[in-house]
Amino acid sequence: MKKFLKLFSYSLLAIILAGFTGLYIYYHSFSAEQDNIEINSDNLKYFHESYNKSRQAFLTAVHEAGRKFNNIELSEFRVSSNVDTNLIMDLCYIPPQQDTNRLLVLISGTHGIEGYTGSAIQQMFLNDILNEEIANDMAILLIHAYNPYGFKYYRKATEFNVDLNRNCGTDNSIFENKNPGYGDLYDLLCPAGKVNTGNPKNQFFYLVAIWNILKESMATLRQAALQGQYEFPEGIYYGGNDFTPQTNYLKKTLPKIFEQYDLIFAVDLHTGYGEWAKLHLFPNPEKDDYVRTATESLFEGYHIDWGDSDDFYTIMGDLSKYLQKVNPQALTLCMPFEFGTLNSQETFGSLVSIHRMILENQGYNNGYKNHRNEIKVKNDFKEMYYPSSEIWRSEVIRQSREMLELSIGHFKDIELED
Ligand SMILES: [Zn+2]
């Protein structure tokens, strides 16, 4: 009996250890990639490896469009910086070629590093989608590299750590928002000192996080971490203490364009959230039934994640909500496109994602223990927002082409309610 008990407890220990090791290996080698999808190599030409090349390709595509359409206006806004004098947000406005009350807006680089993909989609739009019929039916505004610093230096936030999708609003009241849940998670979200990926807190981050999930709930944690905060400038999802210069520029420029139209459709292009290589329609919740129904009619046949699923969270100071208020007389329909990378709609993928964000932010603010740490953290971060996978890139273009064609087609049919 004694022998049996001994054997039993050793076996149990071995199983626990194996489980523990398995979890450890799974976490540290996590990837959501699939390899059973065909690549369309023509789709890859829109992706570039530097901000300058992406910008140049965008400007070339605008130039090409300028041969076909009249009166294209290109304006640039130079974003002030302590380290770089060539950080530019470009606005390309194509006035309607015939009389219309419709405006289409496409935005890239709200989260800087996500701009590589956003820019690729804008170039594809100019090359493959924009035709005479569309240009007659609607005006077009392309905002390229809202956050050029983050774009160029592979960061999500700006040089001053501001998340531009938490920095928008019609007035300054957003900066008064409090997020007490964030303060409770401060040690987890903003670790002190230099990044050391080898320390136990990082090696077993998922256990610390799971412990927090058991104490609270995944929904509470996700909400606190992601909704945005205005108290900790060194923290992730910091919305700033004032509007950034480029936000102020948009607040000055957009009303003059938006006021000419009473039907506006805006798409803000993002990456990093959701199932790998899949386009998610992921808006903030919409209380107005009319706006909600009109938005759904643009994407007929596709699922819109309005916040009825488990992975739902709301955010403050986001660009979409602001755009909806620019012209109060107009019906403005906004849709963030999110291209998933790490299956963050699931618990494990969301832990890997938030861990990568925390480490990159910690490194940016506090530095790294050594060069090896820095390379690893930056590479993991880049793979999360700008995957090197050709399948992923090809799918992004294929799906965004399909979704833009569909929604622009429906946008032409939408009529204002009397
Ligand atoms: Zn984003």
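An account of the accompanying structure is given in this report.

What counts and what doesn't
- Residues numbered from 1 in each chain as written.
- Predicted model: local features only at pLDDT ≥ 70, side-chain atom pairs only at ≥ 80, totals over all residues.
- Core = buried A, V, L, I, M, F, W, Y, C linked by C-beta atoms within 7 Å.
- Buried ≥ 20, exposed ≤ 12 C-beta atoms within 10 Å, placed from the backbone.
- Domains from an automatic or database assignment.
- Axes fitted to C-alpha atoms, helices over the stretch in contact; angles between N-to-C directions.
- Helix = DSSP H or I, 4+ residues; strand = E, 2+ residues; numbered from the N terminus.
- Parallel < 35°, antiparallel > 145°, perpendicular 65-115°, else oblique.
- Left-handed = near helix turned anticlockwise from the far one by under 90°.
- Contact = placed C-beta atoms within 7 Å.
- Nonpolar A, V, L, I, M, F, W, Y, C, P; charged D, E, K, R; others polar.
- Pairing = 2+ DSSP bridges.

So, about the nonpolar core. In this structure, Leu 103, Leu 104, Val 105, Leu 106, Ile 264 and Ala 266 are the most contacted members of the largest nonpolar core, which totals 100 residues. Taken domain by domain, this core gets at least three of its residues from each of domain 1 (36-171 + 244-341 + 387-418) and domain 2 (180-226 + 344-386).

So, on to the packing of helix H3 (residues 115-129) against helix H16 (residues 390-411). Helix packing geometry: the angle between the two helix axes and the distance between the axes. It is at 10 Å that the axes of H3 and H16 come closest, and there the two elements cross at 55 degrees. One way to sum up the angle between H3 and H16 is to call them oblique. Read as a crossing pair, H3 and H16 show a hand that is right-handed. Contacts between H3 and H16 involve Thr 117, Ala 120, Ile 121, Met 124, Phe 125, Asp 128 and Ile 129 from the former and Val 396, Ile 397, Ser 400, Arg 401, Leu 404 and Glu 405 from the latter. In terms of residue class, the contact of H3 with H16 is made up of eight nonpolar, two polar and three charged.

Take the sheet that holds strand E1 (residues 73-78) next. Strand order across the open sheet formed by seven strands is E1-E2-E4-E3-E5-E7-E6, with mixed pairing between neighbours. Here the strands that pair on one side only, and so sit at the sheet edges, are E1 and strand E6 (279-281). In this sheet, adjacent strand axes meet at a mean angle of 15 degrees when their direction is disregarded. As paired strands, E6 and strand E7 (residues 331-339) are joined by three bridges and run antiparallel to one another. When the sheet's bridge partners are listed, Leu 281 is paired in E7 with Phe 337. Its contacts with the sheet place H3 against strand E3 (102-107), strand E4 (139-144), strand E5 (263-271) and E7, and it is angled at close to 135 degrees to E5.

Quick look at the packing of helix H2 (residues 51-68) against H3 now. Where H2 meets H3, the axes come as close as 9 Å, and the angle between the chain directions of the two elements is 15 degrees. Between H2 and H3, the angle falls in the class roughly parallel. Read as a crossing pair, H2 and H3 show a hand that is left-handed. Counted together, Ser 54, Ala 57, Phe 58, Ala 61, Val 62, Glu 64 and Ala 65 of H2 and Gly 115, Tyr 116, Ser 119, Gln 122, Gln 123, Leu 126 and Asn 127 of H3 form the full contact between these two elements.

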